[in-house]
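Analysis of the macromolecular model
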Amino acid sequence: MTAPMPDHVRVLGQIERGEVRVGADAAREIAARHEAAYGDAWATKDMPAPQAGGAQ
């Protein structure tokens, strides 16, 4: 019986094969797709939108 593949080896292989995307560009693309599909996550009456310049 062979030992199971360590998680870090499996994940690095997925990244190399293009099965998983990482980084800021991928995060921005995913966020844009989510907003297009579901609307602005900050557009709720219970929670104000974040202000420019970071935490309040």
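Anyway, here's the lowdown on the structure attached to this text. (Residues numbered from 1 in each chain as written. Predicted model: local features only at pLDDT ≥ 70, side-chain atom pairs only at ≥ 80, totals over all residues. Heavy atoms only, no water.)

The next thing to look at is helix α2 (residues 24-38). The terminal C-alpha atoms of α2, which comprises 15 residues, lie 21 Å apart, in line with the 21 Å expected from a rise of 1.5 Å per residue. One or two residues past the end of α2 sits Gly-39, with phi positive at roughly 90°. (Helix = DSSP H or I, 4+ residues; strand = E, 2+ residues; numbered from the N terminus. Expected span 1.5 Å × (residues − 1).)

Any two side chains of opposite charge can pair if their charged atoms end up close together. On inspection of all chains with the given rule, the structure shows five salt bridges. Across the salt bridge formed by Glu-29 and Arg-21, the nearest N and O atoms sit 3.0 Å from each other. When its relative accessible area of 48% is taken as the criterion, Arg-21 is described as partly exposed. Between Arg-28 and Asp-25 there is a salt bridge, with its nearest N and O atoms 2.7 Å apart. Here Arg-28 pairs with Asp-25, and both are found in helix α2, just three residues apart, close to one helical turn. With respect to class, Arg-28 is no different from Asp-25; both count as exposed. Within the structure, one salt-bridge network assembled from shared partners comprises Arg-21, Glu-29 and Arg-33. (Salt bridge = Lys/Arg side-chain N within 4 Å of Asp/Glu carboxyl O. Buried < 20%, exposed > 50% of the residue type's maximum accessible area, 1.4 Å probe, protein only.)

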